[in-house]
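Analysis of the macromolecular model
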Amino acid sequence: MSIQKTPEKNNILFVWLNSYAGILLKTPSKTLAIDPVDVKPKALQNVDAILITHEHYDHLDQRLITEIQKSTSCTIIADAASTKKLQLAIPNDKLTEIKPGDEIKIGEVSVKAEKSNHNAQAPVTYIITSEDQVKVYHTADSLPFPELAKLGQQENFDMVFCAVGIAPGTSPESGFEIARLTKPQIAVPYHTATTASQRKFAELLKLELPRTACLVPEQNKIYQVSKRK
Ligand SMILES: [Zn+2]
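Residue numbers restart at each chain and count upward from 1, following the sequence in its written direction. The predicted nature of this model means local features are confined to residues of pLDDT at least 70 and side-chain atom pairs, given and counted, to a pLDDT of 80 or more, with totals for whole chains, interfaces and linings taken over all residues. To obtain the side-chain values, all non-hydrogen atoms of the structure were used and water was disregarded.

Re the sheet that holds strand S10 (residues 135-138)
Basically, it comes down to this: For two strands to be treated as a pair, DSSP must find no fewer than two bridges joining them. Secondary structure elements follow DSSP: runs of H or I no shorter than four residues count as helices, runs of E no shorter than two count as strands, and numbering proceeds from the N terminus. Here a residue-residue contact requires only that any non-hydrogen atoms of the pair lie within 4.5 Å. Where helices are involved, their axes are fitted lines through C-alpha atoms of the stretch in contact, as for all axes, and angles between N-to-C directions lie from 0 to 180°.
As summarised here, the arrangement of the seven strands in space is S7-S8-S9-S10-S11-S12-S13, forming an open sheet in which the pairing is mixed. Each end of this open sheet is capped by a strand with a single partner; those strands are strand S7 (103-106) and strand S13 (213-214). Bridging between S10 and strand S11 (residues 159-163) involves three bridges; their strand directions are parallel. Across the sheet, the residue bridging to His138 is Phe161, located in S11. The sheet strands contacting helix H3 (residues 147-155) are strand S8 (109-115), strand S9 (124-129) and S10, and the helix crosses S10 at an angle near 165°. This element, helix H5 (residues 195-208), spans S11, strand S12 (186-190) and S13 of the sheet and lies at about 155° to S12.

Here we look at the sheet that holds strand S5 (residues 75-78)
Backbone-to-backbone hydrogen bonds pair the strands of a sheet. The strands run either parallel or antiparallel. Read across the open sheet, the seven strands follow the order S6-S5-S4-S3-S2-S1-S14; overall the sheet is mixed. Taken across any chain shown, the strands that pair with only one partner, and hence form the sheet edges, are strand S6 (95-97) and strand S14 (222-226). Strand-to-strand twist in this sheet, taken as the mean axis angle between neighbours without regard to direction, amounts to 20°. Pairing geometry for strand S2 (residues 23-26) and strand S3 (residues 31-34), over four bridges, is antiparallel. Looking at S3, one finds that Leu25 is bridged to Leu32.

A word on the pattern of salt bridges
Basically, it comes down to this: The salt bridge criterion pairs a side-chain nitrogen of Lys or Arg with a carboxyl oxygen of Asp or Glu, the two atoms within 4 Å. Relative accessibility decides the category of a residue: with a 1.4 Å probe and only protein chains considered, values under 20% of the type maximum give buried, values over 50% give exposed, and everything between is partly exposed.
Scanning the model with the defined rule gives six salt bridges in all. Two residues, Glu114 and Lys112, come together in a salt bridge whose shortest N-O distance is 3.0 Å. A relative accessible area of 12% places Glu114 in the buried class. Between Arg180 and Glu177 there is a salt bridge; the shortest N-O distance is 2.8 Å. One end of the pair is Arg180 and the other is Glu177, both in helix H4 (residues 172-182) and three residues apart, which spans about a single turn. According to the relative accessible area criterion, Glu177 is partly exposed, its value standing at 25%.

And the structure:
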């Protein structure tokens, strides 16, 4: 699944890659893959960076990442536990450990790590800001946590990905709570294998958060998102 088209200024394109938190995101200048699993290495030929949120099997596939890294020479940014697992396979200068509060630049695209409320060794969530300030928050498997409200105020998110299933404790309701706290322009229900939980999430948003639009993604389709006016 590569994105051939380049987004226009003030836009990004994204694809949901699997039933989990796998996202391919393209800004006008860079292509990032977050937590790619269940995809063919050939499908991710043009990535500049891979971001990993935590070491669980549905987020970190060491063999896949090693293969993609070899063929693209991309940068890998990962939480501490995933970094440890990747260390032997990835060249030193291509692997960067990240922890909450750190910011790393991929060209003019910013990747900032925040905390995650998920039972893994050192999980993070990622705020990705494109070169023209489109702001995306990838919350991986995180359950809601109080600091999200502050982030929502500070960051003015264009789009937030919200887990609605599979991971322990997650549900349409917990995903909705992430959207409620972060107040994005667009909320995207993911990390689920059922459309019913996505629909439930959409209903909750419509009822209780009418100013946030719901984008219910299908896997392997390309979506465009514009910067908030
Ligand atoms: Zn997961």
